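Inside the fold
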Amino acid sequence: MIAYLSGVVREVRENSAVVVAGGVGYEVQCPAPALAKLVVGQNAEFSTRFVVREDAQLLFGFSDADSLKLFDLLTSVTGVGPKLGLGLLSAMPVSALAQGLLTGDVKLLSSVSGVGKKTAERLVLELQGKVPEQLAAGAVALGGRKVAPVASTASRDAVDALLALGFREPQVRAAVSELLAADSEASTDTLIRKALGKLR
């Protein structure tokens, strides 16, 4: 079991990163917010889940403890595999996803690519009483630093504007979340300008 990984980022791909540790390159599949923080050539650390299947061995990495906790809960649901769990965590901040599960927001959950209404209803049915309420208050990074969710009016407007420009939603939300973590009072214009620098 690989529970933790620390190493130098060699490559960042669309849904994963290659991290070199001890002379070995590990492909780590990550949610979009975690990928958005990675910089090639710099060190990164992940809490991980190692999944062994008949046809593959997959390593999933998370930059904050709450994302890992929610991933474990999501993949405990019948019919929800690691890829779908990762998709849910890429589509929205941990706090928004946890809130959706706690409140039974089937519409929100089914808006995620690959999640139909029946799957969303099953997620709510099986997890509504299991999701810790503190997850809805904001993710906690491995080092204990709070990561701001995309929740303010400015951030919502920034996300809408970036989506209108044709950028993909997971990358947009990850970029805006990262900017909010650094400056929770940032204006819509500032968020858009800085996010464009990250997305282009």
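The coordinates are above.
What counts as what
- Residues numbered from 1 in each chain as written.
- Predicted model: local features only at pLDDT ≥ 70, side-chain atom pairs only at ≥ 80, totals over all residues.
- Heavy atoms only, no water.
- Helix = DSSP H or I, 4+ residues; strand = E, 2+ residues; numbered from the N terminus.
- Buried < 20%, exposed > 50% of the residue type's maximum accessible area, 1.4 Å probe, protein only.
- Lys, Arg positive; Asp, Glu negative; His and termini not counted.
- Salt bridge = Lys/Arg side-chain N within 4 Å of Asp/Glu carboxyl O.
- Polar contact = N/O pair within 3.5 Å; in protein donor to acceptor, adjacent residues only side chain to side chain.
- Core = buried A, V, L, I, M, F, W, Y, C linked by side-chain atoms within 4.5 Å.
- Contact = heavy atoms within 4.5 Å.
- 1 Å grid on protein atoms, 1.4 Å probe; cavity = no way out; pocket = protein on both sides within 12 Å on 5 of 7 lines; lining within 4 Å.
- Points joined across faces, edges and corners; volume = space filled by probe spheres on them.
- Nonpolar A, V, L, I, M, F, W, Y, C, P; charged D, E, K, R; others polar.

As a further point, take the side chain of Asp64. Tracing the chain through its elements places Asp64 in the loop between strand S5 (57–62) and helix H2 (65–74). Within the buried set, Asp64 has no salt-bridge partner at all; the shortest N-O distance to an opposite charge, 4.8 Å, is to Lys37. A polar contact is formed between the side chain of Asp64 and the backbone nitrogen of Ser67, at a distance of 2.7 Å.

Attention now moves to the nonpolar core. Counting 30 residues, the largest nonpolar core has Leu70, Leu74, Leu97, Leu101 and Leu123 as its most contacted members. If you list the elements that add at least two residues to this core, you get S5, H2, helix H3 (82–91), helix H4 (94–103) and helix H6 (117–127). Residues contacting Leu74, with those up to four places away along its chain left out, are Val80, Gly85, Leu88, Leu89, Leu97, Leu101, Leu123 and Leu127. If you look at the next biggest cluster of nonpolar residues, it comprises 14 residues, including Val159, Ala175, Val176 and Leu191.

In this section: the layout of surface pockets. Counted as a void, the second largest pocket has a volume near 350 Å³. Along its surface, the second largest pocket is lined by 14 residues, and Val12, Leu35, Ala36, Gln171 and Lys198 are the ones closest to its centre. Put simply, the parts of the chain that give the lining of the second largest pocket at least two residues each are helix H1 (32–37), helix H8 (169–182) and helix H9 (188–199). Residues of the lining of the second largest pocket, tallied by class, amount to eight nonpolar, one polar and five charged.

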